[in-house]
Every structure is written in C-alpha cells, then in structure tokens.
Amino acid sequence: MFHRGTSYLSVEQRNDDASASRSSSSDSFLRGIGCLILFSCILFLITPAPNIQHNGATVPEPLSNHRIVDPRERTRKLPVRVQGLWAQSQIVGDQLQEVKDGKKTVEEAIHQRSDNEGSGIGSNAHIGAGVLSRNHKSAPMTLNEILTFFDSFLKKLNSSNLKNKHATHHGIWSAYHDLVTKNLYPWDQEYLSRMPPRRQDGSIYLSVVSFRDEFCVETLKEAFNKAKHPDNLFIGLVQQNCEEEKCRRGNKVGSDPDCYNLFCSSATGKKYCNDRQIRLLRMKETESLGPYIARYFASKLWIGEQWYMQIDSHMNFVQDWDALSIQMLEKAPSEKPVISHLPPPNTSNLEEKMEAPAPRLCGPIFATSDIEGQIVRLEGSYNYDRVKIDTPRFAPFVAAGYLIAHSDVLRDVPFDPFLPYLFLGEEILLSARLWTSGYDIFSPTISLVGHRYERNQQPKFWEAIHMAFTNGVHNPLQLLVLNRIKQQLGYPESARDMVKPKTLLTAVEQYSMGKVRTLGDYLNIVGLNVVLKEVTYTAWCETGQPPPGFETHNHLYNSK
C-alpha cells in the first residue's frame, strides 16, 4: 500500500526485519537525493544570470530550448507606425460591436483602454496606445511610413470590396466603416499627433487628385513651367487609374495614361521627379472612394511645406501663380486666410483676365434632386466687382477644386476618413469647419487658374463604384453617407437620435466644427436655414463688403 508523505514515499510490509533493512537503504538513498536537490538550488541562486536591457530594467535571458518571449518583441522590430496600428487596432477591435451599436465612441474605446494600459503591456500582449502616444508623438511620420501604410490599407480595402461585391449600400458602408475604424482611423489619430512642423521657407504643397484623367500630365507641367519658384513647389499626386489593358473611356478602349510616368519622363518633369518634388500614391480604379477621400490621402503626403493648395487634375495656370497666391494670402486682412472660388473655364485667357476682378462664390442653393438629400450646393459664382483691388474680399464659401491657405489648415481642419463615396456636400462642410475653426474665407483678387469643366466623355468615379459593387448602388450609398455631413450642419432630419445606422457618426467629433466660432453664427452670416431649407439674401458677398461682425475692415473696401 502506497502512502504520499511530505518528503518521501514509503512501502509498508508485514515482515518487520525485511522492512527495517529496506527502510535503512531507502533512507540513505533519499538523503542523497535531498542533498543533490539542495545543492542545485543553492547553485541556481548564487550564479549570476546573463542580463538583457529592457526599458531601463534587466530581465533574465531565456533558455534557448524554452524561450520565454517578451510580448513586446512581437511589434518592437516593426516601424513605430505599424506598432501603433497594431496596438490600436486591437484596442478598437474587441469593442467594435459597441461602437457600431452607438453604445461607445471610438475615442472612449481607445482612451479607456489607454488609461488601463498606460503603464505597460495590456492583457492582449500588445503595447498600450498611451505608451506609444507619449513615446513617439514628437517624431514626424516619414513619407515611406505613410505610403507603406496606405499600400497596406488599400490591399485590405480591395479584399473587402471583393467580399462585398453584391452587398447592399448598407452592407458596403458597414464593411468600409469597420475597416476604417480598425485600421485607418487609429492610424490617422497617430498621424495627427506626429505631423511635422510648418516650415517658413516659402514652399508650396500642391494637392492633386486624378481619376483616370488624360489632362493630368499637362496640369503638372503647367504648374511647374509657370511657377516663379518651381524649386519651392512640391506636389502630392493621388493617381486613380484603370490598370487593365482594355479600359473603357467613353467611346474609346485602351489603357489609362500614367500621369506620373509621363510627367517624370518628360523634359519638364525629369528634374523635379529626380529631386523628389512629386509624391505619388497609386490607386486602382476599383479602389476609388470619391474625390473627398482622394483629397484625404493627398493631404497626408504633405511634409511640412509652408503653404497648402488643392486643385483638380485638369487645370491651367497663369504665369507666376505661386508668388501671386502667396501675395494674396499675405494681403488678406486675417491671421488665418483661405482663398478660394470657382475658377473660370480653361478656355479663358488668364493673362487678359489678370486686369479684371476675379469672380466670387456667393450663391448657395438647397439641392432639390431626390439623389442629393437637400444638401447645400454652391453655384453662384459671378464677376460682381467693377474695379480690381489688391485686398482680397471676404467670401462665404470655399470650392474644393481650388483653394489655398497656410498649411496649418491640415492640422486644424483635418480631412475626415469616414466620408467615402461622395460627390456632394464636401464644400459646404469644409466652409463651415474652416470658419468655426477661426479661418476667414476670401475670394482671389485675380484668377490664377482655369478649370476644364466640359469632360462629358471622361470616366466618372461613380462608374467605378458600380464596377466594384453593383450597378446603381452609388446614389443610395451617397445619400446614406451624406447624413454624416447633414448631422454636423444641423439638419433636423439627420439629428443624432435620428441617424441610422449609428456608425455614420463614429468619431464625428474629431472631424467636425471648430471651437473658435459657432456654427449658428456661420449659418446666419451666410444666410442658410437648414431647418426650413431656405436661403436668405445677405448682400455683403455680392457687394464686396465684410460680413456682419467684421465691420472694422470696412475701410479697406469703401468706395471700391
């Protein structure tokens, strides 16, 4: 019969003599084993182990045959950007359903987890987001980091699109939302905390987004050829092309012109490409998310240039447009000026127009089409002034196809990654966000660029949406996403408790109105009533006077 004691194993027998003999032998053996164990323990305690450094502390080096892995080694060798994405994706990921149900915001999910894990490693064996933010927020992202992430994100987007090929517009939005919430949004928050400082060297960053545009290469050539200081010009090009051998283009079939390659191989472009003054993000046609998100991507290719300008990819320029743009910004009576309007058509003689006042964008309307959701459209651009003056006049709105500002605007009013598939609404939203963030909008004193408006036979991005998913899905998809814009502008039918699904408002506070001035004041000044869908004539824009509240600048415009 066996008995387990505290220090040995004994065997009980009926023969006492045999038992005693075996017991004596067993005792000697066990004492030897005990001494060996005791000696091993003492040796283990007194022998110094090799050390490795880890955040200022030392931890033993693990045995080679049974390696104890520090959880942070899984991400330590990756770039800081990838570490942050990995960590924050997990932080959002396990609470994604709560975010989708509207029970928790993305910020609450991230900040709650960051507070819990700020001192080290979380239970999921990843670096806490709070630690990453504190350790790395001062190191600006490199262009290589940015492009590497975008390449990874677009691959995931392409895979998601294929999986949701036959989804409804609600399914398409849900898939995009989840992908952005887990990947692009956390990365964007890290990017915004690591933006480079604004330089003071007269440099201009030109954001150009191209969708299968055969005029793109001429736009790049004109920008450099007609710049007064082309060495101070840096372009971020988002090129969205059909990559198949047989691509439909109106009545034509053939490959899309590669704007970047054509420009860089030209006599004009070779020098600037070699000097790395063109930054390129390539996208497939089927990965297109609309002009707004394309501008979002382009805005992230900015690397600290002093001035920011965004245009479409089918424009022409007046001579010395860069220097003249900066002059206008410096003459505007504001610490934060933004200059914008609807440019004249590209067929205009811009050199002759330099002697005449530029048109101003004054007239908003509420859209009446069923597919536009009564969003505000900007259509009233006219030559209101009879005399050209050197001081830019105030204006109520910006046009997305041409604006220029100092580049802090990218920090103060960042593009929203949750606004895909849109062709409407970005201009009124941007106008309101700029004004409430303390930026003043002006029209240019002269027209510096022309725009090619007639593009009837050119491919349109909503055709790519139909190609990626199903025919006709773009209109209901756009109407759905427009609710995010309308909620921010105060449309009652898109109030927070009315919007469904709640995912349309994920992280909306991070990309909404500023805190310097109120939305209500802005809507009153520009004459918009989003409740009744009425436009009130305000007169100040058309007559070229400052808006209410800016009367101290009247003397700059009286009798002019």
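That block above? That's the structure.
Here is what the cut-offs are and how they apply
Residues numbered from 1 in each chain as written. Predicted model: local features only at pLDDT ≥ 70, side-chain atom pairs only at ≥ 80, totals over all residues. Heavy atoms only, no water. Pairing = 2+ DSSP bridges. Helix = DSSP H or I, 4+ residues; strand = E, 2+ residues; numbered from the N terminus. Axes fitted to C-alpha atoms, helices over the stretch in contact; angles between N-to-C directions. Buried < 20%, exposed > 50% of the residue type's maximum accessible area, 1.4 Å probe, protein only. Polar contact = N/O pair within 3.5 Å; in protein donor to acceptor, adjacent residues only side chain to side chain. Salt bridge = Lys/Arg side-chain N within 4 Å of Asp/Glu carboxyl O. Core = buried A, V, L, I, M, F, W, Y, C linked by side-chain atoms within 4.5 Å. Contact = heavy atoms within 4.5 Å. Phe/Tyr/Trp six-rings, centres within 6.5 Å; stacked < 30°, edge-to-face > 60°.

Chemist: Go over the sheet that holds strand β16 (residues 440–442), please, and point to the residues and values.
Modeler: Two orientations exist for strands paired in a sheet by backbone hydrogen bonds: parallel and antiparallel. Taken together, the seven strands give an open sheet; going across it, the order is β9-β6-β5-β10-β15-β12-β16, and neighbouring strands pair in mixed fashion. Each edge of the open sheet is held by one strand with a lone partner, namely β9 (278–284) and β16. Taking the axes of each pair of neighbouring strands and ignoring which way they run, one obtains an average angle of 15° across the sheet. Sheet analysis places strand β10 (residues 307–312) next to strand β15 (residues 402–406), joined by five bridges and oriented antiparallel. For Trp 307, the partnering residue across the bridge sits in β15 and is His 406.

Chemist: Residue-level account of the environment of Ile 389, with values.
Modeler: Topologically, Ile 389 is positioned in the loop between β14 (376–382) and β15. Assessed through its relative accessible area of 11%, Ile 389 is described here as buried.

Chemist: Please provide a residue-by-residue account of the side chain of Ser 334, values included.
Modeler: If you trace the backbone, Ser 334 turns up in the loop between α13 (321–331) and β12 (337–340). For Ser 334, the side chain forms a polar contact with the main-chain nitrogen of Lys 336, separated by 3.0 Å.

Chemist: Residues and numbers for the pattern of salt bridges, please.
Modeler: The full count for this structure, using the stated rule, is 27 salt bridges. Put simply, Asp 231 and Lys 271 hold a salt bridge, and the shortest N to O gap is 3.1 Å. Taken as a pair, Asp 231 in the loop between α9 (216–225) and β6 (233–241) and Lys 271 in helix α11 (residues 269–274) lie far apart in primary sequence, 40 residues in all. With a relative accessible area of 47%, Asp 231 lands in the partly exposed category. For Lys 271, a relative accessible area of 42% gives the class partly exposed.

Chemist: Lay out the nonpolar core in plain terms, naming residues and giving numbers.
Modeler: Grouped together as the largest cluster of nonpolar side chains are 138 residues, with contacts concentrated most on Leu 206, Ile 235, Phe 297, Trp 321 and Tyr 402. The contact partners of Phe 297, leaving out residues within four places of it in the chain, are Phe 150, Phe 153, Leu 154, Val 238, Leu 281, Met 283 and Leu 289.

Chemist: I'd like to hear about the packing of aromatic side chains, residue by residue, with values.
Modeler: Two measures describe an aromatic ring pair: the distance that separates the ring centres and the angle between the ring planes. Overall, the coordinates contain 25 aromatic pairs when judged by the stated rule. Pairing Tyr 176 with Tyr 421 gives two aromatic rings, centres 5.9 Å apart and planes at 65°, and the pair type is edge-to-face. Note that Tyr 176 is positioned in helix α8 (residues 169–193) and Tyr 421 in the loop between α15 (409–412) and α16 (426–436), a separation of 245 residues in sequence. For Tyr 176, a relative accessible area of 2% puts it in the buried group. On the basis of relative accessibility, which here comes to 2%, the residue Tyr 421 falls in the buried class.

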